Structures are given as structure tokens and as C-alpha cells.
Amino acid sequence: ITDDAVKKYYDENSARFEQPEQVRASHILIGTMDTLTGGDLSDEQKQAKRKQIDDLRKRAVAGEDFAKLAKEFSEDPGSKDVGGEYTFGRGRMVPEFEAAAFSLNTNQVSDVVTTAYGYHIIKLSEKIPSRVVPLAEVSDDLKEGLKSQELQKQLRETGYLEKLQKEANYEVLDEKLKKIELPKPTEPKAAAQP
């Protein structure tokens, strides 16, 4: 696969390399669901959780290290160990969380945001504008994807796999497996999301 072929594919599929606006934000979650049953906590338990998140917000607004607070108190197992940080675009989080994150200014801490998961406070670290990922960033991945696509095409056109199957002298006995077709060529991967 030549560099010209990679550039041609990139130019002809430019929409695949558009990256929408994103934010890099950290959050602290204090959950309002019972982890054993999946149901809501009692009103008393929710009030205690709300007091906890309000106190954490005060500490964050006063300048305490947000990442440290997240590591110590957040109940989000997916982000707790990284200081509560996520990078995401629109449509990736629950609407209330997303709306709050995208409305913040850099280094601003949100009011308490309530979602189905519980109470959150969010701190915006960065707004990442939409962009087209440059060819240089995706060239190697595209080249590998195009190589794979070309190899699959050649294997089909030459009947090489069928030839190997005949030479191996095997028989598929399971009726379900007999119906499985050989893999079809795949599209090269688009730009990896950061």
C-alpha cells in the first residue's frame, strides 16, 4: 500500500476523520443507588449523600485538589483511580452530566448535578475544539487497515482459503458452523479517538 493510496483514501473519506468538540473534565460521584439491590437508597440515606457531596463541593471550590478528592471519595470505579477524569464528546454521557460539563469554564467547579447514578460535582479542565484529525496522525493505522483489506480481497479473489480448506481435507459436521461464511473485507479504521 503506497502513501498515495493512503492519502487518496483519507481524502475520499474525510468525514470519517472529523472529531467533534470534546471536554476533559473530572468528577466526583456520590451514588444514590443501593449497590447490592440496584434500587434507590432511602430518603434519609440520600440526604446524607447530598450533604457529603455539598461538603465536597465546598472543599473543591475552596481550592482543595480535585483529583485527590475524587480518588478518596468518588464512587465511580471507572474514573476514581485517575482523579475522576474523562475526555468525551457530546452524546457520550447522560444528558444532565453532559450539559453541565459543556457549560463550564476552564477550572470551574459545577453546582451539584443529579443523575440516575447519584450526585456529581464536575470540574472542567479543558475544552477541545472540533477538528479534522491530520493525515500524519492516522497514516500508519490507515496503511495497516488498507493492507488488511487488500489481503482479504486477494484471498477471496484467488480462492486461496477455499484451496487450503480442500487441501486440509476436513469436513464441518456441525450444521450451525456450515452456514458461517468467510470474513468479508473490512474498512480501514478511522482516526483513533483520544
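Our structure's up above, just so we're on the same page.
Residues numbered from 1 in each chain as written. Predicted model: local features only at pLDDT ≥ 70, side-chain atom pairs only at ≥ 80, totals over all residues. Heavy atoms only, no water.

Novice: Account for the pairing of strand β5 (residues 118-128), naming residues and giving values.
Specialist: Sheet topology note: the strand β2 (residues 22-31)/β5 ladder contains 10 bridges and is antiparallel. From the neighbouring strand, His27 faces β5, where its bridge partner is Ile122. Taken together, the three bridges between strand β4 (residues 113-115) and β5 define a ladder with antiparallel strand orientation. Counted as the bridge partner of Val113 is His120 from β5. Hairpin connection, β4 to β5: the antiparallel pair is bridged by two residues. (Pairing = 2+ DSSP bridges. Helix = DSSP H or I, 4+ residues; strand = E, 2+ residues; numbered from the N terminus.)

Novice: Which residues make up the packing of aromatic side chains, and what are the values?
Specialist: Counting across every chain of the model gives three aromatic pairs. Pairing Tyr10 with Phe17 gives two aromatic rings, centres 4.8 Å apart and planes at 35°, and the pair type is tilted. Like Tyr10, the residue Phe17 is buried in the burial classification. Geometrically, the ring pair formed by Phe88 and Phe97 is tilted, given 5.9 Å between the ring centres and 45° between the ring planes. Phe97 carries the same exposure label as Phe88, and that label is buried. Each residue in the set Phe88, Phe97 and Phe102 is aromatic and connected to the rest through ring pairs, giving one cluster. In this structure, Arg50 packs its charged tip against the face of Tyr119, placed 5.6 Å from the ring centre. Its end group placed over the ring of Phe102, Arg90 keeps NZ or CZ at 3.9 Å from the ring centre. (Phe/Tyr/Trp six-rings, centres within 6.5 Å; stacked < 30°, edge-to-face > 60°. Buried < 20%, exposed > 50% of the residue type's maximum accessible area, 1.4 Å probe, protein only. Lys NZ or Arg CZ within 6 Å of the ring centre and 35° of its normal.)

Novice: How would you explain the nonpolar core if you had to name every residue and give the values?
Specialist: Within the largest apolar cluster, 12 residues are counted, these being Ile28, Ile30, Ile53, Leu56, Ala60, Phe66, Leu69, Ala70, Val109, Val112, Tyr119 and Ile121. For this core, the secondary-structure elements that each account for two or more residues are β2, α2 (43-61), α3 (66-73) and β5. Ignoring anything within four residues of it in the chain, the contact list for Ile53 reads Ile28, Ile30, Val112, Tyr119, His120 and Ile121. In this structure, Ala25, Phe88, Ile122 and Leu124 belong to the second largest nonpolar core, which totals 11 residues. (Core = buried A, V, L, I, M, F, W, Y, C linked by side-chain atoms within 4.5 Å. Contact = heavy atoms within 4.5 Å.)

Novice: Explain the packing of helix α1 (residues 3-12) against helix α5 (residues 135-158) to me, using residue names and the numbers behind them.
Specialist: Relative orientation of the contacting elements α1 and α5 amounts to 105°, with a least axis distance of 9 Å. Taken together, the axes of α1 and α5 lie roughly perpendicular to each other. Counted together, Asp3, Ala5, Val6, Lys7, Tyr9 and Tyr10 of α1 and Leu135, Val138, Ser139, Leu142, Lys143 and Leu146 of α5 form the full contact between these two elements. For the contact of α1 with α5, a count of residues per class yields eight nonpolar, one polar and three charged. (Axes fitted to C-alpha atoms, helices over the stretch in contact; angles between N-to-C directions. Parallel < 35°, antiparallel > 145°, perpendicular 65-115°, else oblique. Nonpolar A, V, L, I, M, F, W, Y, C, P; charged D, E, K, R; others polar.)

Novice: Pulling in residues and values, what's your account of the pairing of β2?
Specialist: Counting buried residues along β2, nine of its 10 residues qualify, which places the element largely inside the surrounding structure. The pairing of β2 with strand β3 (residues 85-89) spans five bridges and is antiparallel. Residue pairing for β3: Arg24 is matched across the bridge by Thr87.

In short, the description is geometric, and any link to function would need to be established separately.
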